[in-house]
Amino acid sequence: MRLRPFLTTLTACLAATTCLTAVGTASATASATASAGVSATAAAPVSAAQQSRPKNACSPSVSLSSFSDALDKTTFEGTYVGNLSALAPDGRGTLAALSDRSSLFRLDAKTLRPRSVMALTDENGAALDSEGLVADRDGTYLVSSETEPSVRRYSRAGKILDRLPVPAALRTAPAGRAQVNGSFEGLTLLPDGRTLVAAMEYALSGDDAGLVRLQTWQRAKNGHFRLGAQYAYPVGTGLGVPEITALSDGRLLVLERGFTSGVGNTVHLYLADPRRATDTSGVDTLTGEGVRTVRKTLLTDLAACPALGATAGQPQPNPLLDNIEGMAVTGRTKDRLDVLLVSDDNQNTTQTTRFLRLRVRV
C-alpha cells in the first residue's frame, strides 16, 4: 500500500503455539562466522555469540548479503518499474514482481532485470490496488487487492480464472470493518499447495489494535478455494503487516513495518508459528483474551543491518531502509534461507526501489 504515517497501536502479547497443519520440514542455519582481532601480544577474547555471528550481520539469525537499486526510477516497455509490493519465485528462472498499480513483472531471478510485464485488471477492466502475490505450481497467479479486498486467480496470460470468497467483516468499511488501505497485504501458499494465507495489514475496527487477522482458504479437489480458519497475529506497536511468506514446515516469515515522519521506517522480520493458534473466524471482536494468538520470534530489526554504502532520500534510522513491502524465499541450503526483500517507492523522488538479499537462519 501507499504507506501512511505512523499509527499508534497497542502492544499485543505473544502466545504459545498455533494450528495450521505442518506440511514438511525445512530449517536453515547460517554458516558464516565473525573473525576476531588479534593484537601483537595476545588474542582478544571472543564470546561464543561473536564466533557464531555471520558476516554483515543484522542479528545472530540474519545477515545482509547485498542490496541493489538498479531498477530505481526505470521503465520497461513503457511501464514504470516501481511501486513494487510483492515478490514470488515462479520456477522458470524468473521472479514475479507485483506493482500496486496493477502491473505484474517477470524479472530474471539472478540479475533482477525485467523480462516481461502485463497489466492486471478486475472483472470490469479496472486497475487493482494489488498487494499480495503467489505464483502457483500450474503457472497461474493468485493476487490480492486492498480495494475490496479481494483475492483473484489469474492465468499466466492475465485472464481472471476465479475469485475467492472473503468474510464480510474483512471487507473495507463501510461494507465491513477493515480500514481503507489496511486489508489484504500479505499473501502466501503453504508448500502443500492446499492452504492459502492472507494477512490483514491492520486490525479490524472493534478489534484490539495490536491484533491483525490472518485468513486462510483450503483448496478443494476441483481446484477452487473455500474459506478456512482464521488466526490472530500480535503486531508490534505502531506497525502493520505488509508481507508473509510460508516455509516448508508450516511456519511463516512475517514482515512488520511502520513509518514516522522525520524519523523514517521501522522494519522487523519475524518467524511466526500459526499451527496451534485459536481459529478466530467465529470471534466477532478480538480483545487478546480467550484466544491463543500466533506465536512469533524476532529474527531482526533491519535498522541493525550494515548500510553497505546505501543512501536514503529522506531521514531513516539506517540509510538502507525504505518502504519494504515484498518478500520471497529464493533459495535454501541445509543451514540457511536466501530471502529477497523489495521496497515500494510509491513513485516518489525521495524513496527508492531497493532489493535486499538476506541470509536467514530459522
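The sections below set out a description of the structure shown in this document. (Residues numbered from 1 in each chain as written. Predicted model: local features only at pLDDT ≥ 70, side-chain atom pairs only at ≥ 80, totals over all residues. Heavy atoms only, no water.)

### Here we look at the overall build of the chain
Looking only at helices and strands, the chain features one helix and 22 strands. Within the chain, buried positions represent 55% of all 362 residues. Within the chain, contacts between residues at least 6 apart in sequence are counted, and of these 57% link residues at least 24 apart. Working note: accessible area of the chain is about 14,500 Å², and carbon and sulfur atoms make up 52% of it. (Helix = DSSP H or I, 4+ residues; strand = E, 2+ residues; numbered from the N terminus. Buried < 20%, exposed > 50% of the residue type's maximum accessible area, 1.4 Å probe, protein only. Contact = heavy atoms within 4.5 Å. Areas by Shrake-Rupley, 256 points an atom, 1.4 Å probe, with all protein chains shown as cover.)

### Observations concerning the sheet that holds strand 22 (residues 355–360)
The strand order across the open sheet built from four strands is 1-22-21-20, with neighbouring strands paired in antiparallel fashion. A strand with exactly one partner marks an edge of an open sheet, and here the two such strands are strand 1 (62–68) and strand 20 (324–333). In this sheet, adjacent strand axes meet at a mean angle of 20 degrees when their direction is disregarded. Relative to strand 22, strand 1 is paired through six bridges, and the arrangement is antiparallel. In the sheet register, Leu 64 faces strand 22, and the bridge partner there is Leu 358. (Pairing = 2+ DSSP bridges. Axes fitted to C-alpha atoms, helices over the stretch in contact; angles between N-to-C directions.)

### What to know about the state of the cysteines
Tallying each qualifying case throughout the model produces one disulfide. Between the sulfur atoms of Cys 58 and its disulfide partner Cys 305 the distance amounts to 2.0 Å. The disulfide joining Cys 58 to Cys 305 has a torsion of about 105 degrees about its S-S bond and is therefore right-handed. Within this pair, whereas Cys 58 is found in the loop between helix 1 (48–52) and strand 1, its partner Cys 305 is found in the loop between strand 19 (295–301) and strand 20, the two being separated by 247 residues in sequence. Residue Cys 58 is classed as buried on the basis of its relative accessible area, which comes to 5%. (Disulfide = S-S within 2.5 Å.)

### Regarding the pattern of salt bridges
On inspection of all chains with the given rule, the structure shows 22 salt bridges. Note that Lys 296 is salt-bridged to Glu 256, the shortest N-O span being 2.7 Å. In this pair, Lys 296 is assigned in strand 19 and Glu 256 in strand 17 (residues 252–260), connecting sequence segments 40 residues apart. For Arg 336, the salt bridge goes to Asp 338, with nearest N and O atoms at 2.8 Å. Accessibility expressed as a relative area gives 22% for Asp 338, which makes it partly exposed. (Salt bridge = Lys/Arg side-chain N within 4 Å of Asp/Glu carboxyl O.)

### Description of the nonpolar core
Judged by nonpolar contacts, the single largest core of 25 residues is most densely connected at Leu 253, Leu 269, Val 339, Leu 341 and Val 360. Secondary structure elements with two or more residues in this core: strand 1, strand 17, strand 18 (264–273), strand 20, strand 21 (336–343) and strand 22. (Core = buried A, V, L, I, M, F, W, Y, C linked by side-chain atoms within 4.5 Å.)

### As for the packing of aromatic side chains
Ring pairs (aromatic) are described by centroid distance and by the angle formed between their planes. Here the structure, examined in full by the defined rule, presents one aromatic pair. An angle of 80 degrees between the planes, with centres 5.9 Å apart, marks the rings of Phe 184 and Trp 217 as edge-to-face. Placement of the pair is Phe 184 in strand 12 (residues 184–189) and Trp 217 in strand 14 (residues 211–219), with a sequence separation of 33 residues. Each member of the pair, Phe 184 as well as Trp 217, carries the same accessibility label: buried. (Phe/Tyr/Trp six-rings, centres within 6.5 Å; stacked < 30°, edge-to-face > 60°.)

### Things to note about the sheet that holds strand 14
Strand order in this open sheet of four strands is 12-13-14-15, and the pairing throughout is antiparallel. Across the chains shown, the open sheet's two edge strands, defined by having one partner strand only, are strand 12 and strand 15 (225–234). Across the sheet, the mean angle separating the axes of adjacent strands is 20 degrees when strand polarity is ignored. Both strand 14 and strand 15 contribute to a ladder of eight bridges, which runs antiparallel. Its bridge partner lying in strand 15, Gln 218 is registered against Arg 226.

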